[in-house]
Amino acid sequence: MKFLIINGPNLNFLGIREPGIYGKQDFTALIAYVETVCAENGIDCETYQSNHEGDIVDRIQAAYGNTDGIVINPAAYTHTSVAIPDAIKAVSIPTVEVHLSDISAREAFRKISYVSPVAVKTIYGKGFTGYQEAILYLKTLLADNGRK
Ligand code: CA2
């Protein structure tokens, strides 16, 4: 099974500011965590981070035909992008949307996600653990569909 883990704009600044919202651990720790979860579950994973909407669209398109599942934290693009959910729909790869913070309990604009309608599941407010939950959810979903 091959998963692509995408992180959107500013997540590479994790741990540098706003530890009260996003936690104290930095982006390197998040990637190490995700890679460990994948390795423990026999999943081949690639991570990708970009601050640019079009680059994220390009990376989703490049996954077409060679990736079983996507975990994406679209960050601020969650609340603004139509191109990212369009790309997810176009490649037809099961995708779980993850947010570190509880987007339902913050500013009104964060309650709107353009990605949720195309995601098989949305997880928020669980910090790094949300990525683990997303990976395990996709693993179970794909195993039930006969993928190895
Ligand atoms: O909770 C999440 O994971 C978010 O996707 C994070 C985004 C935010 O725009 C979404 O509404 C919710 C922001 C990521 C920015 O990360 C920072 C890291 C350090 C300092 C400031 C921002």
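(A) Just the nonpolar core, in detail. Phe-3, Ile-5, Leu-14, Leu-30, Val-71, Tyr-131 and Ile-135 are the most contacted members of the largest nonpolar core, which has 24 residues in total. Among the elements of the structure, β1 (2-7), α2 (27-40), β4 (95-99) and α5 (129-144) are those that each provide at least two residues to this core. Aside from chain neighbours lying at most four places away, what touches Ile-135 is Phe-3, Ile-5, Val-34, Val-37, Cys-38, Ile-43 and Val-71. Counting residues in hydrophobic clusters, the runner-up holds 15 residues, among them Val-57, Ile-72, Tyr-77 and Ile-88.

(B) Spatial organisation of the packing of aromatic side chains. Going through the model one piece at a time under the given rule, you end up with one aromatic pair. Considering the side-chain rings of Tyr-33 and Phe-128, the 5.8 Å spacing of their centres and the 45° angle between planes classify their relative orientation as tilted. You can see Tyr-33 sitting in helix α2 and its partner Phe-128 sitting in the loop between β5 (121-124) and α5, a full 95 residues away along the chain. Among the residues examined, Tyr-33 registers a relative accessible area of 24% and is labelled partly exposed.

(C) Quick peek at the state of the cysteines. Inspection of every chain in the model, using the stated rule, returns zero disulfides. Cys-38 supplies the cysteine sulfur nearest to Cys-45, a cysteine that is in no disulfide, at a spacing of 3.4 Å.

(D) Representation of the pairing of β4 in the model. When you tally the buried positions in β4, you get five out of five residues, the bulk of the element. Burial of the side chains of β4 extends over both faces: Thr-95, Glu-97 and His-99 are buried on one face and Val-96 and Val-98 on the other. Of the pairings in the sheet, the one linking strand β3 (residues 69-73) to β4 comprises three bridges and is parallel in character. Paired with Val-71 across the bridge in β4 is Val-96. Viewed along the sheet, the connection from β3 through helix α4 (residues 83-91) into β4 turns out right-handed. With four bridges connecting them, β4 and β5 associate as parallel partners. Each bridged residue has a counterpart across the sheet, and for Val-98 the counterpart in β5 is Ile-123.

Parameters at a glance
- Residues numbered from 1 in each chain as written.
- Predicted model: local features only at pLDDT ≥ 70, side-chain atom pairs only at ≥ 80, totals over all residues.
- Heavy atoms only, no water.
- Core = buried A, V, L, I, M, F, W, Y, C linked by side-chain atoms within 4.5 Å.
- Buried < 20%, exposed > 50% of the residue type's maximum accessible area, 1.4 Å probe, protein only.
- Helix = DSSP H or I, 4+ residues; strand = E, 2+ residues; numbered from the N terminus.
- Contact = heavy atoms within 4.5 Å.
- Phe/Tyr/Trp six-rings, centres within 6.5 Å; stacked < 30°, edge-to-face > 60°.
- Disulfide = S-S within 2.5 Å.
- Pairing = 2+ DSSP bridges.
- Right-handed = clockwise from strand over helix to strand, strands pointing away.

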